[in-house]
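For reference, the chains in residue letters:
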Amino acid sequence: MARRVVVGLDGSTHATTAISGACEYAKNFAGTVIGVAVVDTPGIESSALGAGIGAYEYARRAREQKLSDAHEHAIAFLRDFEQKCTKAGIPFELAYHDAVPFQAIVDEARCADLIMIGLRTFFHFETQDEPGDTLRHLMEVGVCPVLAYPEHYDSPRNAVIAYDGSLQAARAMKAFVHLTSLSPDAARITLLHAGEGVEEDEHVQLEAACKYIQGYGFEVDVVRRQGQASKVISEVAEEKSPSIVVMGAYGRRGIIKNLFFGSTAGSLIQSERFPLFVYH
């Protein structure tokens, strides 16, 4: 069964790492990789608004230059992606969009199985230097699972599934298992409950989740460890290194609205230590 993987291209080292991960995945699972380059036309045009009458012509020229530069960069991203896929010998497709970056990726991912992207994204490269919010929007929309990569990583051979019994954690677990079940030898799975304690119903849910994963041919270790969730997840992922962390975009306390300030996922994103597989 072929798998379709969408990769966001923004010219960053994070995106380069995501491309490498996508090529590796496509080789292992007979997949096709779709590279998406985006010209943030709405953002560029918005940045030029508000100029006075005397500055209008200057603003118009600046906008046109930014759009032209962004177009050239996007084409360069696609050419680089094409060269990497050709060298790796994997099927690929190219997608060019003039749109809001996260919406362009969502549109391509409607008929895909997985999005691969950097833990830091720079699709607004013509209007801002700092990382953008594309990853946050993709995690909130949930068109399909998102695998976000740090700037540098070793190819993971272990998966740590953070499981709190929520429906969102269950969906993330099942999505990961389904996407990797063609080669269960490729990853050893640790099913992790991180928190201040494990209630009786959670013991039952953990055992049921373990049986589910084992049913797909994976070896599973069940780990229960007390402590702050993000700290415990990082500790276990480090012990199992190189590893990937799997978790739901929602938890028992509700949706992660602000990924970069205080949430479990936010802490893991900020640390940039592990690839993060997220679904809700």
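Residues numbered from 1 in each chain as written. Predicted model: local features only at pLDDT ≥ 70, side-chain atom pairs only at ≥ 80, totals over all residues. Heavy atoms only, no water.

Trainee: Could you clarify how one ought to interpret helix 1 (residues 13–29) in this entry?
Mentor: A rise of 1.5 Å per residue sets the reference length of helix 1, with its 17 residues, at 24 Å; its end C-alpha atoms lie 24 Å apart and thus fit the reference within 8%. Among the residues of helix 1, those classed as buried are His14, Ala15, Thr17, Ala18, Ile19, Gly21, Ala22, Cys23, Tyr25, Ala26 and Phe29. Looking one or two residues past helix 1, Ala30 carries a phi angle of roughly 55°, positive in sign. (Helix = DSSP H or I, 4+ residues; strand = E, 2+ residues; numbered from the N terminus. Expected span 1.5 Å × (residues − 1). Buried < 20%, exposed > 50% of the residue type's maximum accessible area, 1.4 Å probe, protein only.)

Trainee: Honestly, unusual backbone geometry in this entry has me stumped. Any pointers?
Mentor: Backbone phi values are negative for most residues with the exception of glycine, while trans is the configuration of most peptide bonds. With omega at -5°, the peptide bond leading from Ser241 into Pro242 counts as cis. Mapped onto the fold, Pro242 is located in the loop between helix 8 (229–239) and strand 9 (243–248). With a phi angle near 55°, Ala30 is a residue other than glycine that sits in the positive phi range. By the secondary structure assignment, Ala30 is in the loop between helix 1 and strand 2 (32–39). On the accessibility criterion, Ala30 (51% relative accessible area) is exposed. Look at Glu272: it is not a glycine, yet its phi comes out positive at around 50°. Relative to the helices and strands, Glu272 is located in the loop between helix 9 (264–271) and strand 12 (276–279).

Trainee: Explanation requested: the packing of helix 4 (residues 101–109) against helix 5 (residues 134–141) in the structure shown.
Mentor: Packed helix pairs are characterised by how far apart their axes lie and by the angle those axes make with each other. The N-to-C vectors of helix 4 and helix 5 enclose an angle of 40°; their axes lie 9 Å apart at closest approach. Taken together, the axes of helix 4 and helix 5 lie oblique to each other. In this structure, the crossing between helix 4 and helix 5 has a hand that is right-handed. In this structure, helix 4 uses Pro101, Phe102, Ile105 and Val106 to contact helix 5, whose residues at the interface are Thr134, His137, Leu138 and Val141. (Axes fitted to C-alpha atoms, helices over the stretch in contact; angles between N-to-C directions. Parallel < 35°, antiparallel > 145°, perpendicular 65-115°, else oblique. Left-handed = near helix turned anticlockwise from the far one by under 90°. Contact = heavy atoms within 4.5 Å.)

Trainee: Would you take a moment to explain the state of the cysteines for this structure?
Mentor: What is meant by a disulfide is a covalent connection between two cysteines, made through their sulfur atoms. One pass over the structure, following the stated rule, counts 0 disulfides. The cysteine Cys23 is free of any disulfide, with Cys85 supplying the nearest cysteine sulfur at 4.3 Å. We classify Cys23 as buried; its relative accessible area is 9%. (Disulfide = S-S within 2.5 Å.)

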